[in-house]
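Structural characterization, general
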Amino acid sequence: PVPAVLAVPTAVAVPAVAPVVVSAALWPLPFNCLSSIAKFSGNPPSIYCLCMTSAALHSRTAQDEPVVATRLLRDALMSSLLRVLTYHKIPFPAVSFGSMRSVDGTPGAVLSGSTMVQVVLGEVWKDSDVDIFCTASASPAVRTQLVQNGFSLARMHDNYEDSGNGMTAFLLETMVHHVEGWADTPKENDRNCETDSLDSDDTEFDFARSCRHGKGASKHFYRNLSEYIPVKVPRTADQEIQTLPNTPLSYDYNLKDRLDLVIGKSGCKDARGLLQSFDILLCAASYDGVVFHTPHPHLAFCRKSKLEPARLVMMKTFANVWKKEKANFFRGRPDLDSLVAAPWFKSVETAMKNAGVKVGKKVTQTTPMEDMLGRYYWNFLARLFQRHKKYAARNIELVDAPAGFKTIAREVHVDNIPQADIGVFGHHLDTHGVTYLSTNVLPGTKDVAQLIRQVGGNLGAMFKSSECSVMGAAQCIKLIRYLDEQYAASRINKTEGADFKCTITRTALAAMIGYECMGNLCDLFPGDFNEIKMRRCDAHGKCVNFHTDVSLRTLQVPLNSDDEYEGGRLVYATSKGLKMPSRPMGSYTLHDASIVHGVTPLSMGIRYGLFLMATH
């Protein structure tokens, strides 16, 4: 019988109970020859198939050895692991966690996720990270091991505010405390190190400086979490960001991370507990420095995987109501703020609770979780279906996934979250009036009136603009630095012309600019606003096409003056023609959803902005 989980130890003591020795009559090749074949192939699926061909391979060559099949498969898995680590430039000692196993064999840290899927299949994927999962108590030893093998801490979260798609996704997971990103430690004074820094002066690496930063890593982490995301993360002694004594922690957020360290909550005593929420069971394959664990090996080595039963029920429940309700509830732009209140969603919420998905009721003292819960739910479910789509593209069969999942994966996306629209830079070649933005052609009032009708705006709509500062230079610079930090810590593609947007809470913004300045913004805004966005856009030669906003009202504050970059000018289409207000640092413009507006191509420099919006 094939076991549900195959545990292949690299070293194990087997009791001497009637061992059977392989004889030449049963298998013509000696073990050392078979072992060489397994190691050379580094192909666990092929070796697994070989081991299934003869009962003789399930016997022992000596009393104190595992059966031959186990040893051969271990050799193939180890060879595959070394190849994967070599490709991703990860030293083997950095992920050898055998010393972190307890007396009873419970692992404190494991290598798992997509890394181990590659190992099991004997493949190497170019577009994958290396994932380590560890308990809070083992985390100092793991960090020490990483530092000693040439790594530095680069980040401690995905985004401060991400509607459930990154660090704050822990609101819907029960075992993860936080995620750390680790990067290669550059050579001293290396100016050519791989970095996410936007300032060329920051790219020279200084190890002593990074170790000083490492001493304050915990303070930095918890302070930022409390200020910038609606999440209260418990700070306990075992959750301090630190290494073992006498090993300095190198921390430089300018570095580009390529290894993820997932830290469990304090109650998690077994690193494998962090893998229990994996929806694709093949992804829960792991290596703890001593034992390889492969769930459902007969499926895994045939490029197949089961789904976690409770997660499967949750996804089936959503799939069933999605088919019935998408034409009604999701007609046009979906209102996810009312998702949780929708009667049809109750069955999905119940299935999520049964699957161990945590449902929070309050995330801060002032912000009820219900205000954002629909968005967290949506992103959480969308990521599940998108992950299935990704693994299907890698020719991995999910044996118990209904065929309808493929359709849903094409229809449901994380970026479907109905955040207020602040425009999309692009070439927009076939859109109305794009030539007015990208050339020096100045249209007449009749042409502009026609443009307004074509886009669906109001001919009589007006905007308000003032060059007087509603925000001082110090506050603007502070927000620019915050945006630069968030951009550097994000996983957005850092190519030329990157357009980075992030959302922050009202409390977080007030903490950065001061409550007096925040009060001035509130006084300027007619009524109340419910969403705040910030934007950092590099020059790319693209424009924002003429459009009307989804948000009912929008207050824009340029964080740097429009003479600090070329292009990127805000243009309003009015009954009196095109208007292009001057926008010095800290000034503002205010408009509603009926006015047509766009942005000219940004050809040089970086454009920073703050947006306050009323989306309902």
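Along each chain, residues carry numbers from 1 onward, in the same order as the chain's sequence is written. With pLDDT at 70 or above as the cut-off, local features in this predicted model cover only qualifying residues; side-chain atom pairs require 80 or more to be listed or tallied, and sums for whole chains, interfaces and linings still use all residues. Side-chain metrics in this entry use all non-hydrogen atoms of the structure; hydrogen atoms and water are not considered.

**Re the overall build of the chain**
Along the chain, the regular secondary structure elements total 17 helices and 23 strands. Residue exposure (1.4 Å probe, protein chains only): buried if accessible area is under 20% of the type maximum, exposed if over 50%, otherwise partly exposed. Counting only residues that meet the buried cut, the chain has 54% of its 616 residues in that class. Taking the contacts inside the chain whose residues are at least 6 apart along the sequence as the reference set, 80% of them involve residues at least 24 apart. Summing over all exposed atoms, the chain offers an accessible surface of approximately 26,600 Å²; the carbon and sulfur share of this is 54%. Segments assigned H or I by DSSP are reported as helices when at least four residues long, segments assigned E as strands when at least two residues long, and all are numbered from the N terminus. Two residues qualify as a contact provided that any one of their heavy atoms is within 4.5 Å of a heavy atom in the partner residue. For the accessible areas, the method is Shrake-Rupley and the probe is 1.4 Å, while residue cover comes only from the protein chains on display.

**What about the pattern of salt bridges?**
Whenever a carboxyl oxygen of Asp or Glu lies within 4 Å of a side-chain nitrogen of Lys or Arg, that contact is scored as a salt bridge. Summed over the entire model, instances satisfying the criterion amount to 16 salt bridges. The salt bridge involving Arg101 is made with Asp288; its shortest N-O contact spans 2.6 Å. A residue pair is termed long-range when its members are at least 10 positions apart, and Arg101 in the loop between α3 (68–87) and β2 (109–112) and Asp288 in the loop between β7 (286–287) and β8 (291–295) qualify at 187 residues. Take Arg101: its relative accessible area is 24%, and that puts it in the partly exposed class. Note on Asp288: relative accessible area 1%, which makes it buried. With a closest N to O distance of 3.0 Å, Asp528 and Arg506 form a salt bridge. Taken as a pair, Asp528 in the loop between α17 (515–524) and β14 (531–538) and Arg506 in helix α16 (residues 506–513) lie far apart in primary sequence, 22 residues in all.

**A few points about the side chain of Ser250**
Examined against the element boundaries, Ser250 turns out to sit in the loop between α7 (217–228) and β6 (259–264). Among the polar contacts made by the side chain of Ser250, one reaches the side chain of Ser152 at a distance of 2.6 Å. Of the polar contacts made by the side chain of Ser250, one reaches the side chain of Ser210; its length is 2.8 Å. In this structure Ser250 touches Ser152, Leu153, Phe205, Phe207, Ser210 and Cys211, once residues within four positions along its chain are discounted. Counting of polar contacts relies on pairs of N or O atoms within 3.5 Å, with two restrictions inside protein: one atom must be capable of donating a hydrogen and the other of accepting it, and residues adjacent in sequence are counted only when both atoms are side-chain atoms.

**Quick notes on the sheet that holds strand β13 (residues 499–504)**
Reading across from one edge, β12-β20-β16-β23-β14-β13 is the order of the six strands in this open sheet, with antiparallel pairing throughout. Each edge of the open sheet carries a strand with a single partner, namely β12 (464–466) and β13. Between one strand axis and the next, the sheet turns by 15° as a mean value, whatever way the strands run. Between any two strands, pairing holds if DSSP finds at least two bridges. Strand direction decides the pairing type here: strand β16 (residues 553–558) and strand β23 (residues 606–614), joined by six bridges, are antiparallel. Paired with Arg553 across the strands is Ala614, a residue of β23. Note on definitions: angles span 0 to 180 degrees between N-to-C directions of axes, and those axes are lines fitted to C-alpha atoms, for helices only across the stretch in contact.

**Side note on the sheet that holds strand β21 (residues 596–599)**
Backbone hydrogen bonds hold the strands of a sheet together, and the pairing may be parallel or antiparallel. Spatial ordering of the open sheet is given by β11-β15-β21-β18-β19, a layout of five strands whose pairing is antiparallel. The strands lining the two open edges of the sheet, one partner per strand, are β11 (425–426) and β19 (577–579). Judged from the two bridges that link them, strand β15 (residues 543–547) and β21 form a sheet pairing that is antiparallel. Counterpart to His547 in the pairing with β21 is His597. Against the sheet, helix α14 (residues 445–455) touches β15, β18 (570–574), β19 and β21, its axis set at about 95° to β18.

**Description of the packing of α16 against α17**
Geometry of a packed helix pair, given as the angle between the helix axes and the separation of the axes. Where α16 meets α17, the closest approach of the two axes is 6 Å, and the angle between their N-to-C directions is 125°. In terms of orientation, α16 and α17 fall into the oblique class. Here Arg506, Leu509, Ala510 and Ile513 of α16 lie close against α17, whose contacting residues are Tyr515, Cys517, Met518, Leu521 and Cys522. Any angle between 65 and 115 degrees counts as roughly perpendicular, while under 35 counts as roughly parallel, over 145 as roughly antiparallel, and the rest as oblique.

**Here we look at the packing of helix α1 (residues 31–41) against α3**
Where α1 contacts α3, the two axes come as close as 7 Å, and the packing angle between them is 30°. Classified by the angle their axes make, α1 and α3 are roughly parallel. Crossing of α1 over α3 shows right-handed handedness. Two secondary-structure elements touch here, α1 through Phe31, Leu34, Ser35, Ala38, Lys39 and Ser41 and α3 through Val68, Arg71, Leu72, Asp75, Ala76, Ser79 and Arg83. Handedness of a crossing follows from how the near helix is turned relative to the far one, being left-handed for an anticlockwise turn of less than a right angle and right-handed for a clockwise one.

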